[in-house]
Amino acid sequence: MTDQRPSSPTPAHAHELSPRTQVVAAGRPPREPGASLNPPVTFTSTYVADGPINYARVGNPTWTPFEEAVGGLEGGEALLYSSGMAAVAAVLALVPVGGVVVAPAAAYNGVVVSLTEAAGAGRLEVRWVDVGDTAGVRAALPGADLLWLESPTNPLLDVADLAGLTAAAHEVGALVAVDNTFATPLLQRPLEDGADVVVHSATKYLSGHSDVVLGLAVTAADDRGRDLRARLARHRTLGGAIAGPMEAWLALRGLRTLSLRVERACDNAAELARRLADHPRISRVRYPGWGAIVSVEVAGATDGVEEAEALAAGTLIWSNSTSLGGVESQLERRRRQPGEPEAVPVNLVRMSVGVEDVDDLWRDLEQSLAALG
Ligand code: PLP
């Protein structure tokens, strides 16, 4: 008699399930009597010879459930890295020496600084664009090897036409990479828009609790003959930017609540963006109408730097700290960060809206804004 027990969803049919179910159900061990519901953590540096993996820089079974779960959500195949920047470095290494990268002038500063330094060293040519200016990006594409997109951008929250720009980049033979950290695969799936690779700082929403640093590169099933997955995996093995098993396990545990966290945080962000727009100490609210990040410019006597710093320092629930995407609300004046692009206004405070009660978050902002005088 065949075994009729349901098994946990496999990547092959995960796309039939709602993402809300996928985040809970994906990456579970097979349902055997007495089996654990959660995958184990494998702490090892090596394996007995003649198995599928010979050494733990090549692979660790603890990575697999998280990779399968995120790959299923994005509609591709995921590779886990030790940080978002490690995944970024692996993708940028796909570009040949002397190649041309089209990239946003105002994006995550680690990417902007990496590209600036690569260009300065003569390894790459970079054409800086405004991703919200579709015609401008198209005009920069001829001769490009890679179009790097981030949407919404960090921290200006510019939104790119992913499908249109991907098609235009493919017409000139360029690869398209999209940093999907801010959107998460619940709000945007760039591979469905034709992108070749999606990058995540899994440090943010995917793990969601501000307790791990991890990254992912997710490749499309059809990579147009570029062998991207194998090249990215090779970069990870040889570069050594591998995830610790405990971090990988924590990230999968965090992912279980991704839809709850993102839904609540997005609701909170929409409400706070609305209320902030009417506040006299806020001169501009940047919010694309979705997502859980809101950036505000603080009005000031001069350039607003002092007031922006005071707003961030004066909150009691919101923490004045860098990073984003955790359950806890965070805010910071972005130009504090070395390498932050000059296109980012000096008085801009980026707010990563968490899952707390929205009225508590609002009252905390109000009291800190009131203290500006
Ligand atoms: N991409 C974006 C949009 C980010 O905000 C960050 C970090 O803030 C990164 C990539 C880099 O990720 P990590 O800090 O995990 O290396």
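Reading the values: rules and limits
Residues numbered from 1 in each chain as written. Predicted model: local features only at pLDDT ≥ 70, side-chain atom pairs only at ≥ 80, totals over all residues. Heavy atoms only, no water. Pairing = 2+ DSSP bridges. Helix = DSSP H or I, 4+ residues; strand = E, 2+ residues; numbered from the N terminus. Axes fitted to C-alpha atoms, helices over the stretch in contact; angles between N-to-C directions. Contact = heavy atoms within 4.5 Å. Domains from an automatic or database assignment. Buried area = accessible area lost by both parts, 1.4 Å probe. Salt bridge = Lys/Arg side-chain N within 4 Å of Asp/Glu carboxyl O. Polar contact = N/O pair within 3.5 Å; in protein donor to acceptor, adjacent residues only side chain to side chain. Nonpolar A, V, L, I, M, F, W, Y, C, P; charged D, E, K, R; others polar.

(A) Focus on the sheet that holds strand β8 (residues 282-286). What the 5 strands build is an open sheet, ordered β8-β9-β12-β11-β10; its pairing is mixed. Two strands bound the open sheet, and with one partner strand each, they are β8 and β10 (319-320). By the bridge criterion, 5 bridges tie strand β9 (residues 293-298) to strand β12 (residues 348-352) in an arrangement that is antiparallel. From the neighbouring strand, Val296 faces β12, where its bridge partner is Val349.

(B) Inspection of the sheet that holds strand β7 (residues 215-219) at higher detail. Strand order in the open sheet formed by 7 strands is β1-β7-β6-β5-β4-β2-β3, with mixed pairing between adjacent strands. The open sheet has two free edges, formed respectively by β1 (77-81) and β3 (124-129), since each of these has just one partner strand. In this sheet, neighbouring strand axes are inclined to one another by 20 degrees on average, regardless of whether the strands run parallel or antiparallel. Here helix α3 (residues 63-74) sits on the sheet and contacts β1, β6 (197-201) and β7; the angle it forms with β1, its principal contact strand, is near 135 degrees.

(C) Spotlight on the domain arrangement of the protein chain. In terms of domains, the protein chain is made up of domain 1 (14-255) and domain 2 (258-370). The C-alpha centroid of domain 2 is placed 26 Å from the C-alpha centroid of domain 1. Between domain 1 and domain 2, the contact holds 31 residues from the first and 34 residues from the second. When domain 1 packs against domain 2, close to 2,500 Å² is buried across both sides, 65% of that on carbon and sulfur atoms. At the boundary of domain 1 and domain 2, one finds 1 salt bridge. Notably, a salt bridge pairs Arg20 with Glu263, separated by 2.7 Å at the nearest N-O pair. If you look at where domain 1 meets domain 2, you find 11 residue pairs in polar contact (both at pLDDT 80 or more). When contributions to the side of domain 1 that touches domain 2 are tallied by element, the ones reaching two or more residues are α2 (19-25), α5 (109-120), α8 (184-187) and α10 (245-255). Tallied by class, the residues present in the side of domain 1 that touches domain 2 amount to 20 nonpolar, 9 polar and 2 charged.

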